[in-house]
Amino acid sequence: MIRKKIVAGNWKMNNTVDEAVYLLSSIESLLEEENIPENLHVVIAPPFIHLKMLTDLVQNAEYMHIAAQNCHHEDKGAYTGEISAGMIQSTGAKYVILGHSERRLYFYETNDLIKLKVISCLKNDLTPIFCCGEVLAERESEKHFETIKNQLVEGLFHLESEDILQAVIAYEPVWAIGTGKTASPQQAQEMHAYIRALIAQFYDEDVASQISILYGGSCNPSNAAELFSQKDVDGGLIGGASLKSADFVHIVKSI
Ligand code: PEP
């Protein structure tokens, strides 16, 4: 099986209804003339309130999919302000970003909680984009491999083989997110190869070869092509640069 390539834009807490329609429409029209490879998914992760509207807007572009940026782990209930995976699925969205470093930092999400969210997504036929990444102090003290291993083992590797095959992993070094500092292509490749080797160790080579691993952290039109050319980098999770249609489309075309 050919591994899926994915370029996903994480809009974070940006864009009103009108702005969301405008941005998505301009991304779509810039991509219209392009030859999109069959194994490429272009994913847009807007705030929850735009999910249904955007899934309706991408109906005609088969390669485009919509993602939520988070979900609650319970199916339903008295959790004011929260959104469940089932509710996300009912909008037509296909992906959910889980364990983003901003969720871990500002909303105190732990590996144990993210594990429950992963389970809820799979139960609702949603593809989790499982984020992992080390902070600067961990890289500087050479604990980055250990950090990533813990996040994966505790948050994702509880899944059986057939279930983990539904997941996507995003390696996002926290020191590179929104900072303008990017991991070098060699640093990205080294970590992606490590993650793939871990999957092979906990599952097998066949599973490891099928899981897409995205890079995230200040990816932009000038560095995307080199990052994406690395053997184990299957695309990117893009924050800031996904808010400008020309930049995002340039990154998509770099795959
Ligand atoms: C992100 O938030 O997932 C991200 C990669 O952000 P940025 O591209 O802005 O660093």
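Residues numbered from 1 in each chain as written. Predicted model: local features only at pLDDT ≥ 70, side-chain atom pairs only at ≥ 80, totals over all residues. Heavy atoms only, no water.

Chemist: Honestly, unusual backbone geometry in this entry has me stumped. Any pointers?
Modeler: Most of the time, phi is negative for any residue but glycine, and the peptide bond is trans. The backbone of tyrosine 108 shows a phi angle near 55°, a positive value even though the residue is not glycine. Position of tyrosine 108 relative to the elements: it lies in the loop between α4 (101–106) and α5 (111–123). Even without glycine at this site, glutamate 142 takes up a positive phi of about 55°. For glutamate 142, the location among the structural elements is in the loop between α6 (136–140) and α7 (144–155). For glutamate 142, a relative accessible area of 66% translates into the label exposed. (Helix = DSSP H or I, 4+ residues; strand = E, 2+ residues; numbered from the N terminus. Buried < 20%, exposed > 50% of the residue type's maximum accessible area, 1.4 Å probe, protein only.)

Chemist: Just to check I follow, could you spell out the site of the ligand for this structure?
Modeler: The ligand sits among 14 residues. The nearest are Lys12, His100, Glu172, Gly178 and Ser218. Histidine 100 places a polar side-chain atom, nitrogen or oxygen, 2.7 Å from an oxygen atom of the ligand. Residue glycine 178 places a main-chain N or O atom 2.6 Å away from an oxygen atom belonging to the ligand. In the complex, 95% of the free accessible area of the ligand, which totals 300 Å², lies under the protein chains. Among the detected pockets, the ligand sits in the second largest pocket. Residue composition of the shell around the ligand, by class: 4 nonpolar, 8 polar and 2 charged. (Near = heavy atom within 4 Å. Polar contact = N/O pair within 3.5 Å; in protein donor to acceptor, adjacent residues only side chain to side chain. Areas by Shrake-Rupley, 256 points an atom, 1.4 Å probe, with all protein chains shown as cover. 1 Å grid on protein atoms, 1.4 Å probe; cavity = no way out; pocket = protein on both sides within 12 Å on 5 of 7 lines; lining within 4 Å. Sits in = over half its atoms within 2 Å of the grid points. Nonpolar A, V, L, I, M, F, W, Y, C, P; charged D, E, K, R; others polar.)

Chemist: Hey, could you run me through the packing of α7 against helix α9 (residues 185–202) in this one?
Modeler: The N-to-C vectors of α7 and α9 enclose an angle of 45°; their axes lie 11 Å apart at closest approach. Between α7 and α9, the crossing angle belongs to the class labelled oblique. Between α7 and α9 lies a crossing whose hand is right-handed. When α7 is examined against α9, the residues His144, Phe145, Ile148, Lys149, Leu152 and Val153 are found in contact with a partner set consisting of Glu190, Met191, Tyr194, Ile195, Leu198 and Phe202. (Axes fitted to C-alpha atoms, helices over the stretch in contact; angles between N-to-C directions. Parallel < 35°, antiparallel > 145°, perpendicular 65-115°, else oblique. Left-handed = near helix turned anticlockwise from the far one by under 90°. Contact = heavy atoms within 4.5 Å.)

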